[in-house]
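If you want the building blocks of each chain, they are given just below.
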Amino acid sequence: MSLVEYPRDFGMYARQNLSTVLTILLFIFLLFLAVGICSDLKVLVRLSDGQITEETLEADSERDVITVEFKQGDGTLITVLADFKRHVKIFRALVLGEPERGQTQYQALCFITHLDAREFIPTESMARLRQKNAHVVRSADERRGLEQLSMDVAVNLTHAWHLSAHIRNVCGEAQQAYTSQADLTRWTGRGVDRSMFEVHPPHVPDPPAAPAAAAAAADAPPPVCSAAAGPWQPCLCSYHLRLEWYPCLLKYCRGRGPSPYKCGIRSCSKSFRFTFPTPLRQLCLWDEEA
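Residues numbered from 1 in each chain as written. Predicted model: local features only at pLDDT ≥ 70, side-chain atom pairs only at ≥ 80, totals over all residues. Heavy atoms only, no water.

K.L.:
Any chance you could explain the sheet that holds strand E13 (residues 261-278) here in plain terms?
P.N.:
Each strand in a sheet pairs with another by means of backbone hydrogen bonds, the pair being arranged parallel or else antiparallel. Here three strands make up an open sheet; going across it, the order is E8-E13-E12 and the pairing mixed. The outermost strands of the open sheet, each flanked by one partner alone, are strand E8 (142-150) and strand E12 (235-253). Shown here is a sheet whose adjacent strand axes are inclined to one another by a mean of 20°, direction ignored. Two elements, E12 and E13, share 16 bridges in a ladder whose sense is antiparallel. If you follow Leu250 over to E13, its bridge partner there is Ile265. (Pairing = 2+ DSSP bridges. Helix = DSSP H or I, 4+ residues; strand = E, 2+ residues; numbered from the N terminus. Axes fitted to C-alpha atoms, helices over the stretch in contact; angles between N-to-C directions.)

See below:
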């Protein structure tokens, strides 16, 4: 005699419970597909200085967001987030500091610009990207030109969610985030409150003796940091970064049917140069090396 006796209908009960569990799991899986697809892809990329880095591309089709992140040869961590729902692009650079020159461990730079949806492939397509050979070092199919951006408008990070819910998270470590006057006009025309922006006024130096000279100096922009007189002088800083590899276009092929089908991607690289005001030349030491 068995030590444990099961009721006669135990087998039917177990089968019913298994069926219920499988139904719940199937429902969860279908719900996940309906809500959206999240994925990340890691690729090896050759930087402009010849070094190789690992680049991470994340796509969230539910939030309609693409993130590209990689480390430069000097250790700077670059993050670019494209928010397709709000047509906003966020750049963040975590630049390693020089403690021997009085800097902190790292400095966070944050720039916010308008996103043209044609700059990247759609998030759904990005989320489905796979690579056959993970060891292959990627180089862009197309090298796009340098985009120069004058970032002379400060963005209030406390209210930045009006632009994009992702700004606070990406730029949280930055002392200040900047955008351009062109994008300020674009966003306020779209109904964003202008009070969250502050057009950076030119630095007013110590007033000279002559009133006329003082008025002229008040209208003059601050010097570029490479020409600033001392480390504690306000100046215009420039920061350059290159997004070395990102999927920018979908490729279509023709088969036997009447309509073309997606058969791959085209990759691009693009450079950006941001010019922005800084209260101290000390915070722009890389400009001395440029």
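K.L.:
What is the right way to look at helix H4 (residues 181-189) in this model?
P.N.:
Along an α-helix, a turn takes 3.6 residues, which lines up residues three or four apart on a common side. Looking at H4, one finds that the buried residues are Asp183, Leu184 and Trp187. Taken end-on, H4 shows its buried residues confined to a sector of 105°, consistent with a single buried face. Of the exposed residues in H4, those oriented more than 90 degrees away from the buried face are Ala182, Thr185 and Gly189. Taken together, the buried residues of H4 touch strand E5 (88-96), strand E6 (106-114), strand E9 (153-155), strand E10 (177-179) and strand E11 (197-199). (Buried < 20%, exposed > 50% of the residue type's maximum accessible area, 1.4 Å probe, protein only. Arc of directions from axis to C-beta. Contact = heavy atoms within 4.5 Å.)

K.L.:
What exactly am I supposed to notice about the sheet that holds strand E4 (residues 77-83) here?
P.N.:
An order of E7-E1-E2-E3-E4-E5-E6-E10-E9-E11 is seen for the 10 strands of this open sheet, with the pairing classed as mixed. Two strands in the sheet have a free side with no partner beyond their single neighbour: strand E7 (137-138) and E11. Bridge analysis of strand E2 (residues 52-60) against strand E3 (residues 65-71) gives five bridges, and the strand direction is antiparallel. Pairing of Thr56 across the sheet is with Glu69, part of E3. The sheet strands contacting H4 are E5, E6, E9, E10 and E11, and the helix crosses E6 at an angle near 55°.

K.L.:
Quick question: what am I supposed to make of the packing of aromatic side chains here?
P.N.:
Geometry of an aromatic ring pair is reported as the spacing of the ring centres plus the angle between the planes. All told, the structure shown has nine aromatic pairs when counted by the stated rule. Summarising the aromatic geometry, the rings of Trp187 and Phe197 are spaced 6.4 Å apart at their centres and angled 15° between planes, so their arrangement reads as stacked. Taken as a pair, Trp187 in helix H4 and Phe197 in strand E11 lie far apart in primary sequence, 10 residues in all. Like Phe197, Trp187 is buried. (Phe/Tyr/Trp six-rings, centres within 6.5 Å; stacked < 30°, edge-to-face > 60°.)

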